[in-house]
Amino acid sequence: MSPRSDDTPRRGTQPRRGTSRDIPSEGDEADKGRSRGFGGIGDARAYTPRGRTVAERDQRTRSPRAGRTSDPFRPALQVLDGGRPQRGRRPDGDSENGGSEKAGRGERGGSARAGGATRETKGTRETRETKGTRETRETKGTRETRETRDRRTTVAKTRARDERREPPRSRRPEPDDRNHDRDDRGLDELTRRRERAAAVRGARTREPVRPRAGRDRRTGKPAVKSRAVRTIAPEPPKLANPTRRLRLGTVLALSLFVMIGIRLVVLQVASSPADAKRLIELRATRISDLTLPAPRGSIIDRDGTVLAHSVEARYVGADPTMIKNPSQVAATLAPLIGVPQSKLVPLMTRHKRPGGGESHFEFLAHGVDISVGNRISAMNLPGIVVRQDERRDVPGVDLAANLIGFTGADNSGLEGLEARYDSLLRGTPGEQEYEVGKGDLNSPIPGGYQHYVAPQPGASLELTIDADLQYEVQRILGDQLREWKASIGGAVVLDVKTGEVLAQASFPPYDATKPENYTPENRMDVPSAVVADVGSVHKAIIFGAALQEGIITPQSTLAIGPGLVRGGYKFVDSHPQKKGTLMTMPGLLALSSNVGTIMIADRLGKQRVYDYQQKFGLGKATNEGVAGEQPGKILTPDQWSGSASGSVPVGMSMDVTLIQMAAAYAAIANDGLYVQPHLIKGMISGKDGEVTPGPEPETHRVLRPEVASELRTMMEAVVDEQDGTGTQARVNGYRVAGKTGTGKRLIDGQYTSSNYGSFIGMAPAENPRFVIAVSAEVPHGAGGDVAAPAFSKMMSFALLQNRVPPSVTKAPTFKIHP
């Protein structure tokens, strides 16, 4: 049952706050014989001098066991609910006083405890409140040990009694002090009753009472108080503060680092000249350096076939400081590495390096076969080292050798594409420096100075060349020119639409693995390096310009004679015609009429002839990608002499390469659009294999498409007409358009006695796919006899290899004379 509310009327006069119910007060006489509602030791336990000071919820939820204290007659105070103790449960501490005692006995014990509680000060009450809070926490599972709680309670009580014994003299009583005086007198009476009850029962209290000298300041009666004699546990020793030690250690550590840093700065920046000189001398005598060659990139064709690459080999080096008898060691190595003894001895003799200091390493040979390197290593020659190296290898031997070129002993490109793209192929060399000992310990010191820069491999070149087509073109060219006892010759195969060079061959070929066995003239790339008067193949440019300018049409006719004289030089035809003979435009091309071509050029004028020569790409290098390409030369209009009006139109008085003329004919085959010929399809990175496409070719319009088509049809007469000069260039199943030419080579300002014959054609004529140009310098014979047959075989293979459909229409019927 819940306690009464504070506002509920109670029987009898309520006791004055702060007084005991066992002490008479006003109105007690009238209430004699009636129950006071509560009393005894239980009431005293529930009494607080200042009213309710402990949270009500703590008292209602606290278990009886949690309320026990070390003193059975002074249990923890309970919270009053409406001025009355809770009914229906035993007050805390009754278990220690004997729960079966009568109410009267409980009242006497409660009164005695109330008297003792009255003398407690505010500090003691707060201590008990704190204790009550702790006991509540103990109920929730965090209870402290009883010994610790008793010790803390004893200390708090002792301090509170000391404060009551000696109150401050300067404190003046406040109005409420009178109530406290009455409370103290009531509590003193309760204390005496408790002591008498304890004596009767023979109970022994835990706190022996001893008299206190003097009298109570308020009542004037002898003051007797109970005090528990206990030993207060000493406080734990005070630990030293570590902050000071941490600060001191930090300062010392920072000071050490600062001193080290200052010393390093002094050594690096503020060194004296003497120290710097000493360090340089030490470096020169104890540091050995070595250049690490970078792996050279490969050269491959359009399908990935290797044309040139580097293979594993060995290099042989020497440390001159460790070789005691250079002459003897050189005599031993010379026949193995193929280097003269006279060249090896200076390298093995002790000497200074160009930058100062003694040399510790010299290369003796590069690209030595692995088997030879193993033999040298087995000799254990002092100061001789054999390490891994690479050697350039050309699997095809002479396949495209004139185009690719070769490398030197140090793996650097010397000719051809190897020289043109040397910086790209060779990569970036590495470097290794290390500290060596002295004397017999002249070897890298473990843990000594080491500096290593890894070499960066070079990029690889992917060419537009087709290795299979290249091989066949070289074979056909070689067979044909050896039959005609040619001194030099060349052939070029172009893709009409893209300008890619599919094959570029030279005669004679050479073994790229032994380039030193051939002369530079034999190693040159004929299509790009040899210039000559191309002869009648130039006539296609004059007819194309005349068609573009509207001077002639495919149906035009022209009356010609046996010859013309220009500047004192007579120009005649190989097929002489009577004076006034009418000829068609296809007929003039088929019979390669010099007279008719000169007459058409006269209508164009020298300025327009020069302009169209430039448009077709003559007079400047094509920049296809080969090192040493010749730009050629054409005459400007102001350079024309009296005979130039006759020589220039028929392909004389000019220097032109075969690749330039092939590109010009490709413009005719490509509907009048010039596309720059090129050899580089892409570059493949040596680091991550990323492919970078080659530069885009330059293009420009030369002829209108319809004009180019008309010109191709007229050029078919050269091959199809029975009397044409290029009948040997026919290809079975395909229409072919082209032009023959016979010129001269100018060497040291003099024309040679040999003929420089050529044929340049395209197929299929109605929609050309390839342009092939063939040239050769022969003792006798014309282009139609020497070059045209080779063209036929090369074009036939190219068309079949690439599965180009045969022509579905027949070539038109041409008339030489109208």
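Refer to the structure printed above.
What you see is a predicted model, and the numbers here were worked out from it, not measured in a lab.

> How would you explain the environment of Val595 if you had to name every residue and give the values?
Within the secondary structure, Val595 sits in helix 21 (residues 594-604). We classify Val595 as buried; its relative accessible area is 1%. Apart from the residues lying within four places of it in its own chain, the contact partners of Val595 are Ile560, Gly561, Pro562, Gly563, Leu564, Phe571 and Asp573.

> An account of the nonpolar core is needed here, citing residue identities and associated values.
Of all hydrophobic cores here, the largest spans 87 residues; its most connected members are Ile299, Phe543, Ile600, Phe616, Met661 and Tyr665. Among the elements that make up this core, the one with the highest residue count is helix 24 (residues 658-669) (11 residues). Contacts of Ile299, omitting those with residues within four sequence positions, involve Thr305, Val306, Leu307, Ala308, Arg392, Ile404, Leu417, Glu418, Leu425, Leu461 and Leu463. Of all hydrophobic cores here, the second largest spans 34 residues; its members include Ala763, Ala776, Phe791 and Val804.

> Please give an account of the packing of aromatic side chains that cites residues and values.
In this structure the tally under the stated criterion is 6 aromatic pairs. Plain terms: the ring middles of Tyr315 and Phe361 are 6.3 Å apart, the flat faces sit at 85° to each other, and that makes the pair edge-to-face. With Tyr315 in strand 5 (residues 306-318) and Phe361 in the loop between helix 11 (341-348) and strand 6 (362-368), this pair connects stretches of sequence that are 46 residues apart. For Tyr315, a relative accessible area of 7% puts it in the buried group. For the pair Tyr569 and Phe571, a centre-to-centre distance of 4.7 Å together with 65° between the ring planes defines the contact as edge-to-face.

> Tell me about the sheet that holds strand 25 (residues 770-778), residues and numbers included.
In space, the 5 strands of this open sheet follow the order 12-11-25-24-21, with antiparallel pairing throughout. The two strands at the open ends of the sheet, each matched to only one other strand, are strand 12 (501-507) and strand 21 (737-743). Direction aside, the axes of adjacent strands within the sheet are offset by 5° on average. Pairing of strand 11 (residues 488-495) with strand 25, which is carried by 8 bridges, proceeds in the antiparallel orientation. In the sheet register, Val492 faces strand 25, and the bridge partner there is Ala773. Sheet strands touched by helix 24: strand 11, strand 12, strand 21, strand 24 (755-763) and strand 25. Its angle to strand 11, the strand with the most contacts, is close to 30°.

> So, a nonpolar patch on the surface: which residues are in play, and what are the values?
A cluster of nonpolar side chains, namely Leu256, Phe257, Met259, Ile260 and Leu264, defines an oily patch on the protein surface of about 540 Å² accessible area. Among the secondary structure elements, Ile260 is positioned in helix 8 (residues 243-268).

> Run through the environment of Leu469, naming residues and quoting values.
Summarising the element assignment, Leu469 is placed in helix 16 (residues 467-483). The spacing of Leu469 and Ala503 is 34 residues in sequence and 6.4 Å in space, taken between C-alpha atoms. Aside from chain neighbours lying at most four places away, what touches Leu469 is Val493, Leu502, Ala503, Phe797, Ala798 and Gln801.

Parameters and conventions
- Residues numbered from 1 in each chain as written.
- Predicted model: local features only at pLDDT ≥ 70, side-chain atom pairs only at ≥ 80, totals over all residues.
- Heavy atoms only, no water.
- Helix = DSSP H or I, 4+ residues; strand = E, 2+ residues; numbered from the N terminus.
- Buried < 20%, exposed > 50% of the residue type's maximum accessible area, 1.4 Å probe, protein only.
- Contact = heavy atoms within 4.5 Å.
- Core = buried A, V, L, I, M, F, W, Y, C linked by side-chain atoms within 4.5 Å.
- Phe/Tyr/Trp six-rings, centres within 6.5 Å; stacked < 30°, edge-to-face > 60°.
- Pairing = 2+ DSSP bridges.
- Axes fitted to C-alpha atoms, helices over the stretch in contact; angles between N-to-C directions.
- Patch = residues over 30% accessible without salt bridge, like charges linked within 9 Å, V, L, I, M, F, W, Y side chains within 5 Å.
- Areas by Shrake-Rupley, 256 points an atom, 1.4 Å probe, with all protein chains shown as cover.
- Salt bridge = Lys/Arg side-chain N within 4 Å of Asp/Glu carboxyl O.

Nothing here speaks to function; it is all geometry.
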